[in-house]
Amino acid sequence: MKPRGSVFHRMPRGVLALIALVCLLAVSGALVAQHAFDMLPCPWCIFQRVLYLAIAVVALIGWAIAARTASLLSTLGVLALALGGIASAVFQHQVAAKDASCAFTVADRFLSATGLETALPFLFQVTATCMEAASARLLGLPFEVWSGALFALIALTALLLLRDRKLR
């Protein structure tokens with residue numbers, strides 16, 4: 001018997017759980033790069049970690065609550081946060097990476113206002129300027145390019161969830 005519809009239609013909550021897992025793995029990878037390989041993060045790197053964690057929480061809420069409205073709102077939240085992640089990665093690559101200081105940028109102000117850096121320094125402490133962080137590469141590309149690509153993949157997945165099935 002041939003299954004009907006795509007995975008987005010058949011397992012929408014599973015897709016949301018997968019999005020959450022991918023986001024948690026991205027943050028874990030960033031922590032390994034930072035603490036094991038001395039790739040120091042700037043405010044925009046940390047801001048993107050916050051966005052990945054926010055996406056994971058929103059996706060897990062959609063996974064945990066089986067109601068159609070919760071899935072819809074969760075998917076829309078994931079999409080909005082992923083689009084914000086793309087914007088932050090593009091800004092980091094195009095503007096911040098060429099600046100010797102990230103002070104007083106949106107990312108820096110957000111981290112200062114929330115107190116995340118002092119509350120959980122192993123996860124959210126800024127240890128580099130944007131220009132210094134831009135020198136870190138993975139397979140020849142800056143980390144913010146990889147991050148932007150992952151945010152784009154997450155946004156595309158959320159769009160496919162919205163398009164390809166009726167949320168339950």
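Since we're looking at a predicted model, the values are computed, not measured.

> Please explain the environment of Phe110 as it appears in this structure.
Note that Phe110 resides in helix H5 (residues 106-114). Between the alpha carbons of Phe110 and Phe47 there is a distance of 7.9 Å; along the sequence they are 63 residues apart. The residues contacting Phe110, other than those within four sequence positions of it, are Phe47, Val50 and Leu116.

> Got a minute to help me understand the packing of aromatic side chains in this structure?
Taken as a whole and judged by the stated rule, the model has four aromatic pairs. Ring centres 5.3 Å apart and planes at 80° place the aromatic pair Phe47 and Phe110 in the edge-to-face group. In this pair, Phe47 sits in helix H3 (residues 43-64) while Phe110 sits in helix H5, placing the two residues 63 residues apart along the sequence. For the pair Tyr52 and Phe151, a centre-to-centre distance of 4.1 Å together with 5° between the ring planes defines the contact as stacked. With a gap of 99 residues between them, Tyr52 in helix H3 and Phe151 in helix H9 (residues 143-164) connect regions that are remote in the sequence. The exposure class assigned to Tyr52 is buried, which follows from its relative accessible area of 6%.

> I tried to follow helix H2 (residues 12-37) on my own but got confused; where do I start?
An α-helix turns once every 3.6 residues. As a result, residues three or four positions apart point the same way. Here H2 is 26 residues long and its end C-alpha atoms lie 36 Å apart, about the 38 Å a rise of 1.5 Å per residue gives. Taken together, the buried positions of H2 are occupied by Pro12, Val15, Leu16, Ile19, Ala20, Cys23, Val27, Leu31, Ala33 and Gln34.

> What am I meant to see in the side chain of Gln48 here?
When you line up the elements, Gln48 lands in helix H3. Here Gln48 falls in the buried class, since its relative accessible area comes to 3%.

> How should the nonpolar core be read in this particular structure?
Within soluble globular proteins, side chains that are nonpolar tend to cluster in buried spots. Core analysis: the largest hydrophobic core is formed by 30 residues, its most contacted members being Ile19, Cys23, Tyr52, Ile55, Ala59, Val78 and Ile154. At the level of elements, H2, H3, helix H4 (68-94), H5, helix H7 (121-124) and H9 are the ones that each hand at least two residues to this core. Here this core gets nine residues from one element, more than from any other, and that element is H3. For Ile19, the contacting residues outside a window of four places in its chain are Ile55, Ala59, Val78, Ile154, Thr157 and Leu161.

> What's the story with the packing of H2 against H9 in this structure? I'm lost.
A pair of packed helices is captured by two measures, namely the crossing angle of their axes and the spacing between those axes. For the pair H2 and H9, interaxial distance at closest approach is 11 Å and the crossing angle is 170°. Judged by the inter-axis angle, H2 sits roughly antiparallel to H9. Residues Pro12, Val15, Leu16, Ile19, Val22, Cys23, Ala26 and Ala33 of H2 pack against Phe143, Leu150, Ile154, Thr157 and Leu161 of H9. By residue class, the composition of the contact of H2 with H9 is twelve nonpolar, one polar and no charged.

> Just checking my understanding: could you explain the confidence of the model for the chain for this structure?
Caution applies to low-pLDDT parts of the model: their predicted coordinates are not meant to be read in detail. Here the chain averages 81 in pLDDT, and 79% of its residues register 70 or above. Predicted confidence in the chain is weakest over helix H1 (residues 7-10), with a mean pLDDT of 54, and strongest over H3, with 93.

> Please explain the side chain of Ser74 as it appears in this structure.
Mapping Ser74 onto the fold places it in helix H4. A polar contact is formed between the side chain of Ser74 and the backbone nitrogen of Gly62, at a distance of 3.4 Å. Once residues within four sequence positions are removed from consideration, Ser74 is found in contact with Leu16, Val58, Ala59 and Gly62.

> Explanation requested: H9 in the structure shown.
Between its terminal C-alpha atoms H9 stretches 31 Å, which fits the 32 Å expected from 22 residues at 1.5 Å a residue. Restricting attention to buried positions, one finds in H9 the residues Glu144, Ser147, Gly148, Leu150, Phe151, Ile154, Ala155, Thr157, Ala158 and Leu161.

Conventions used here
Residues numbered from 1 in each chain as written. Predicted model: local features only at pLDDT ≥ 70, side-chain atom pairs only at ≥ 80, totals over all residues. Heavy atoms only, no water. Helix = DSSP H or I, 4+ residues; strand = E, 2+ residues; numbered from the N terminus. Contact = heavy atoms within 4.5 Å. Phe/Tyr/Trp six-rings, centres within 6.5 Å; stacked < 30°, edge-to-face > 60°. Buried < 20%, exposed > 50% of the residue type's maximum accessible area, 1.4 Å probe, protein only. Expected span 1.5 Å × (residues − 1). Core = buried A, V, L, I, M, F, W, Y, C linked by side-chain atoms within 4.5 Å. Axes fitted to C-alpha atoms, helices over the stretch in contact; angles between N-to-C directions. Parallel < 35°, antiparallel > 145°, perpendicular 65-115°, else oblique. Nonpolar A, V, L, I, M, F, W, Y, C, P; charged D, E, K, R; others polar. pLDDT = per-residue confidence, 0-100. Polar contact = N/O pair within 3.5 Å; in protein donor to acceptor, adjacent residues only side chain to side chain.

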